[in-house]
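Structural overview for review
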Amino acid sequence: MKNVLVIGATGDVGQGVCQVLMSAGHRVVGVSRNGGNLEAVRKRLLPVGTLECLVGSVGSVTEAKALCDGASAHMGRFDCVVTTVNSKMGKKPLIDRQPDELLRNLEDNFIPHFIAAKVFIPAVAAGGVYLAIGGGMADFIVPGNGLSAVSQAAQRNMIRMIAREARGGAVLIKSLLLYSHITGESNRDGADPVWFTDEECGRHVLAVISEPDKFPGTILALKSREQVGLPEEKKES
């Protein structure tokens, strides 16, 4: 059994990760800024097991350090930290955006991942995994989604840089790019059948943290439903 901290546990991906890891017998502590939403997720997952909950934020270094201290006191150690935080940005040509929109996008979607990595990677137990979840638009372009592409690409290279600078360290640092919209609790009724489901995302995360040596490299990508639980044939280190 691993002690796993899931930052962003009330999002569609976060809920799927919590559910699958709990089903696999791991101890899971979910984190969200919104205690009401977190309690709703806890109640929904009661048939699976007990989701332990912490209200906290990685919106600033001060808040993240307080969360890390509280989580350490609660859990004892982190075998794995999974970070899946983002905000919705809407669709609009990038050239029509304003500079303040780009800045707000980075503050909402990139900076929290940087803060989480900065604060939590040093707290992960030796041999553990730090896994940041991002989007596939770090690798490909979807017109109208420029803000997402910018923040996801920034997150991708940020994790690559941190992992390279920490090469030989005790913690495995990885990023998982999801090449699909996600079907989850927020959109299940109207979701496209071709989208990855929250449960499929959770199963892939479970495979990565259970046998990380089978998923070499820093940047991992889930590109198809057939690939769930399996490494890509070709990797980028």
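So, here's what we can say about the structure. The structure displayed is predicted, hence computed values, not measured ones.

Along the chain, the position of Trp195 falls in the loop between β7 (182–183) and β8 (196–197). Since its relative accessible area comes to 21%, Trp195 is described here as partly exposed. Between the C-alpha atom of Trp195 and that of His181, which follows or precedes it by 14 residues, the distance is 5.5 Å. Those residues in contact with Trp195, other than ones at most four positions away along the chain, are Ser180, His181, Ile182, Thr183, Asn187, Glu200 and Arg225.

Along the polypeptide, Arg97 turns up in the loop between β4 (78–83) and α4 (99–109). Looking at Arg97, the relative accessible area reads 14%, which means it is buried. For Arg97, the side chain forms a polar contact with the main-chain oxygen of Gly90, separated by 3.1 Å. Within the structure, Arg97 has its side chain in polar contact with the side chain of Glu101 (distance 3.1 Å).

In this section: the pattern of salt bridges. Taken as a whole and judged by the stated rule, the model has 13 salt bridges. In this structure, Glu185 engages Arg44 in a salt bridge whose closest nitrogen and oxygen atoms are separated by 3.5 Å. Taken as a pair, Glu185 in the loop between β7 and β8 and Arg44 in helix α2 (residues 35–44) lie far apart in primary sequence, 141 residues in all. Residue Glu185 is classed as partly exposed on the basis of its relative accessible area of 38%. By relative accessible area, Arg44 is classed as partly exposed at 31%. Note that Arg188 and Asp198 form a salt bridge whose closest N and O atoms lie 2.7 Å from each other. Here Asp198 lies in helix α7 (residues 198–210) and Arg188 lies in the loop between β7 and β8, a separation of ten residues in the sequence. With a relative accessible area of 37%, Arg188 lands in the partly exposed category. One salt-bridge network, in which partners are shared between bridges, spans Arg44, Glu185, Arg188 and Asp198.

Cut-off values and rules
- Residues numbered from 1 in each chain as written.
- Predicted model: local features only at pLDDT ≥ 70, side-chain atom pairs only at ≥ 80, totals over all residues.
- Heavy atoms only, no water.
- Helix = DSSP H or I, 4+ residues; strand = E, 2+ residues; numbered from the N terminus.
- Buried < 20%, exposed > 50% of the residue type's maximum accessible area, 1.4 Å probe, protein only.
- Contact = heavy atoms within 4.5 Å.
- Polar contact = N/O pair within 3.5 Å; in protein donor to acceptor, adjacent residues only side chain to side chain.
- Salt bridge = Lys/Arg side-chain N within 4 Å of Asp/Glu carboxyl O.

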